[in-house]
Amino acid sequence: MTIFKEAGGGVRWPRPRAPRQPGLDARARCRPSAQVSGRFSSEPAIASTPPANAQLLLAEGSTSPPRAQEPGEREEAPGTMASPLPARNPTEVQMSQLVLPCHTNHRNELSTGQLLKWIDTAACLSAERHAGCPCVTASMDDIYFEHTISQPYLSPAGQRDGRSGVCVGQVVNIKAKVNRAFNSSMEVGIQVSYEDLCSGKHCSICKAYATFVAQSPSGSKVRLKPLTPQTEEEKIEYSIAAERRRMRLVHKDTLKDLLTRSPPDTELETRDGSGAVPAEKTRVESVELVLPPHANHQGNTFGGQIMAWMENVATIAASRLCHAHPTLRAIEMFHFRGPSQVGDRLVLKAIVNNSFKNSMEVGVSAEAYGQEMSVSPRHINSAFMTFEVLDQEGRPRTLPMVAPEPGDGERRYREASARKKIRLDRKYVVSCKQTEVPLSVPWDQSNKVYLSYNNVSALKTLVAKANWALAREKEKVRMYTLEEDKFLSFRIEMSVCIPASQAFSLLSDLWRRHEWDSHYVSAELVQKVDDDDMIYHVVSRMHRQESKLQDFVILASRRKPCSKGDPYVVAFRSVTLPTHPPRAEYTRGETLCSGFCIWPESEEMSKVAYYNQAMPGYLNYVTTNVAGLSSDICATFEACEKFLLKNKEDLISQLQDF
């Protein structure tokens, strides 16, 4: 057998020759389906087939020619159906990396900086698959690390301790794919897990979302082609991506609003501050020269490398506070403000902003300047990282307090407290599965953005489910059901001769719902949060025969279409307000997920669909209608159609007068 030598001394084994393809020259026939050049000289892959320093990349949905039949492979018998292959996302990229000692820190854990490099590489390759041109990292959303990859802890008896992670020599698997493309930016979802090769165990490390911007060779933005989701999971991610984008854009405003509302003297903790460490003692400043190995294939400093350098100085700052080796638990949004190039000097600065009982926040920034020191540095990135210090049992240790510097130090101290509040709200509301979020979450100014996100994303997730079954059809009204986990959900839809924007305006106003829904007695607007979110106190009749009325405190969130093909959305969920506690004259009800989606079918026709995850007290009412023993739901939506048609002309007149 002939063995081919690679440049650099590697050995390449010959591959079976594929039959000649019409219209393909010899160069095209030999081209691999996915070819990726290595970026880091210290990143070996788990296979030696690619050239030295290359990463192992398994790219789904490649555009290579049809595979030739291998020797000994059985051919399908005529007339038999081949088993269907799962749908492949053409933007999906899979990377598997073997964890070696050169990838680990002093504790034999996989370096977080190294992991960030791999994450950014896979995400960038996925983005470029969709864009067909170079892409740059714009931001990386919050990352919560669930596990570390470490050397196993051995007990005195020589047995592996169950509290440790997997050992060096195991595999990190990264899957990245584009969730949604907007005008010139796109969201890439990344899932990271590790694999124990000895036991076959798989465990999640983290999940992240990155935003990439496509650029032309001249540096101008490129308009992206739309992405069409295929599977149920892809449709859910596609739909919710618009909500995540909205949440990113208002994040700064949320922080400013919380700081404005909190008194300046409420941050001092009740712990004994006699041993507080001056924040200045934790300050770190380090400089890095950007060399060709640190650059990506476009000549700019690789975003993953910048994130790794930032993580390094942040770890040093955290260590100076606790005099121990800290563990990184969360990263709050890397935001790239501008590029840097080979030859730039990057100044990385970090300082502990605040310490809490078991965690600390470290602020870190990156500035770039060229050879001319007289030119002011360019601020290119900033992030906030949360660290813990674990004892031998794996439990968080109590940390010393921080004494902030006057001026900017006190401002950072206050902002760190506000970010912790936002971070806990976001993790509680957004990161939990829908079944784990309590029905009525307390509403306040700090979590209003995340409750709105959860409200709309829960409805969009329900809409994207694939197993809806037609249960009943009566004239124009169709009723579908979905049985999943602990919930029975139902969907009512009909086509109405009304523009979608007008139906959206009429149905999003709960104050008028009693005009078509006989179950509604009244709806009082309690608080207008903003133009898209309002809180109502709703009084309704019980579905079962009881003398007391039922009341709800409902957050109504409205969304107009983000792009063509998106529906108008009106989502409802229960919240709690201290101004509206349960009252003796009402039975307090709760709704987990319900609302309307309205799709334009033409300029004058709309498809109106109502969704509801039925709560236990609602089940008997729903099942009675599904079984055909009652036509109450159908009658309600026939009344809804009449309401829309009746008020369509009035709404047009009001808009014209305005």
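Chains are numbered independently. Their residues run from 1 in the order of the written sequence. Thresholds applied to this predicted model are a pLDDT of at least 70 for local features of residues and 80 or more for the giving and counting of side-chain atom pairs; totals over whole chains, interfaces and linings are not thresholded and use all residues. Computation of side-chain values covers all heavy atoms of the structure but excludes hydrogens and water.

Structural notes on the overall build of the chain
Then, in step 1: Each helix and strand counted, the chain has ten helices and 27 strands in total.
Then, in step 2: Between two residues, a contact is recorded if the distance between any of their heavy atoms is within 4.5 Å. Partitioning the contacts of the chain with sequence separation of at least 6, the portion at a separation of at least 24 is 68%.
Then, in step 3: Where accessible areas are quoted, they stem from the Shrake-Rupley method and a 1.4 Å probe; at the residue level, only the protein chains shown are allowed to cover. Summed over its atoms, the accessible surface of the chain is roughly 33,200 Å², and 52% of this surface lies on carbon and sulfur atoms. Note on conventions: DSSP H or I runs of at least 4 residues are helices, E runs of at least 2 residues are strands, and numbering of each starts at the N terminus.

Some details on the packing of aromatic side chains
Then, in step 1: Within 6.5 Å between ring centres, the rings of Phe, Tyr and Trp (the latter by its six-membered ring) count as paired, and their orientation is classed by plane angle as stacked under 30 degrees, edge-to-face over 60, tilted in between. Across all of its chains, the model carries eight aromatic pairs by this definition.
Then, in step 2: Judged by centre distance (6.2 Å) and plane angle (65°), the ring pair of Trp516 and Phe596 falls under edge-to-face. You can see Trp516 sitting in the loop between helix H8 (500-507) and strand S21 (520-528) and its partner Phe596 sitting in strand S26 (residues 594-600), a full 80 residues away along the chain.
Then, in step 3: For each residue, the accessible area found with a 1.4 Å probe, counting protein chains only, is set against the maximum for its type, and the residue is called buried under 20%, exposed over 50%, and partly exposed in between. Given a relative accessible area of 6%, Trp516 falls into the buried group.
Then, in step 4: An angle of 45° between the planes, with centres 5.7 Å apart, marks the rings of Tyr610 and Phe637 as tilted. Residue Tyr610 is located in strand S27 (residues 606-614), and its partner Phe637 is located in helix H10 (residues 632-657); the two are separated by 27 residues in the primary sequence.
Then, in step 5: In this structure Phe637 comes out as buried when scored by relative accessible area, which is 6%.
Then, in step 6: Taking NZ or CZ as reference, Arg244 lies 3.8 Å from the ring centre of Tyr209, over its face.
Then, in step 7: Only lysine NZ and arginine CZ atoms are considered, and such an atom sits over a ring when it is within 6 Å of the ring centre and within 35 degrees of the ring normal. The positively charged end of Arg245 is found above the aromatic ring belonging to Phe182, 4.5 Å away from the centroid.

Some details on helix H7 (residues 448-463)
Then, in step 1: Given a helix with a known number of residues, its expected span is that number minus one, times 1.5 Å. Under the 1.5 Å per step criterion, the end-to-end length of H7 is 23 Å for 16 residues, consistent within 8% with the ideal 22 Å.
Then, in step 2: Of all 16 residues in H7, 14 are buried; the element is thus mostly enclosed.

Comments concerning the pairing of strand S23 (residues 549-559)
Then, in step 1: A large share of S23 lies buried, amounting to nine of its eleven residues.
Then, in step 2: Bridge count for strand S22 (residues 533-540) against S23 is eight bridges, and the pairing is antiparallel. Bridging across to S23, Ser540 finds its partner in Gln550.
Then, in step 3: Looking at chain direction, S23 and strand S25 (residues 586-588) are connected through three bridges and run parallel. Bridge assignment links Leu549 to a residue of S25, and that residue is Tyr586.
Then, in step 4: The pairing criterion is simple: DSSP has to find at least two bridges between the two strands. Sheet topology note: the S23/strand S24 (residues 568-576) ladder contains six bridges and is antiparallel. Pairing of Arg558 across the sheet is with Val570, part of S24.

Overview of the nonpolar core
Nonpolar side chains in soluble globular proteins tend to be buried together.
Then, in step 1: Within the largest apolar cluster, 72 residues are counted, with the highest numbers of intra-cluster contacts made by Met186, Ile190, Phe334 and Met360.
Then, in step 2: No other element matches helix H5 (residues 303-322), which puts ten residues into this core.
Then, in step 3: When sequence neighbours within four positions are dropped, the list of residues in contact with Met186 reads Ala127, His130, Ala131, Cys135, Val178, Arg180, Ala181, Ala210, Thr211, Phe212, Ala214 and Leu224.
Then, in step 4: Formed by 39 residues, the second largest nonpolar core is a distinct cluster that contains Ala503, Leu510, Val538 and Ile554. The nonpolar core is taken to be a set of buried Ala, Val, Leu, Ile, Met, Phe, Trp, Tyr and Cys residues, with the residues joined through side-chain atoms within 4.5 Å.

With respect to the pattern of salt bridges
Where charged atoms from two side chains of opposite charge approach closely, those side chains can pair.
Then, in step 1: Salt bridge, as used here: a side-chain nitrogen of Lys or Arg that lies within 4 Å of a carboxyl oxygen of Asp or Glu. Following the criterion strictly, the structure yields 30 salt bridges and no others.
Then, in step 2: For the salt bridge of Glu280 with Arg283, the shortest nitrogen-to-oxygen distance reads 3.1 Å.
Then, in step 3: According to the relative accessible area criterion, Glu280 is partly exposed, its value standing at 39%.
Then, in step 4: Salt-bridge contacts for Glu641 lead to Lys476; the nearest nitrogen and oxygen are separated by 3.0 Å. Here Lys476 lies in the loop between strand S18 (469-474) and strand S19 (477-484) and Glu641 lies in helix H10, a separation of 165 residues in the sequence.
Then, in step 5: The exposure class of Lys476 is partly exposed, given its relative accessible area of 49%.
Then, in step 6: Salt bridges linked by common partners bring Asp141, Glu187, Lys207, Glu237, Arg244 and Arg248 together as one network.

Topic: the confidence of the model for the chain
Then, in step 1: Taken residue by residue, the chain gives an average pLDDT of 80. The fraction at 70 or more is 76%.
Then, in step 2: Confidence of the predictor in every single residue is expressed as pLDDT, which spans 0 to 100. Low pLDDT (under 50) marks residues 151-166, which in the prediction has 29 contacts with non-local residues, meaning those over four places away or in another chain.

Observations regarding unusual backbone geometry
Then, in step 1: Here the phi dihedral of His323 falls at roughly 55°; this positive angle occurs in a residue that is not glycine.
Then, in step 2: Considering the arrangement of structural elements, one finds His323 in the loop between H5 and strand S12 (327-336).
Then, in step 3: Its identity is not glycine, yet Met333 carries a phi of approximately 40°, on the positive side.
Then, in step 4: Within the secondary structure layout, Met333 lies in strand S12.

Comments concerning the side chain of Asn354
Then, in step 1: Counting through the fold element by element, Asn354 comes out in strand S13 (residues 345-355).
Then, in step 2: Relative accessible area serves as the criterion here: at 1%, Asn354 is assigned to the buried category.
Then, in step 3: Among the polar contacts listed, one links the side chain of Asn354 to the backbone oxygen of Tyr413, at a separation of 3.2 Å.
Then, in step 4: Here a polar contact means two N or O atoms within 3.5 Å. Within protein one must be a hydrogen donor candidate and the other an acceptor candidate, and residues neighboring in sequence count only if both atoms are side-chain atoms. Separated by 3.1 Å, the side chains of Asn354 and Ser417 make a polar contact.

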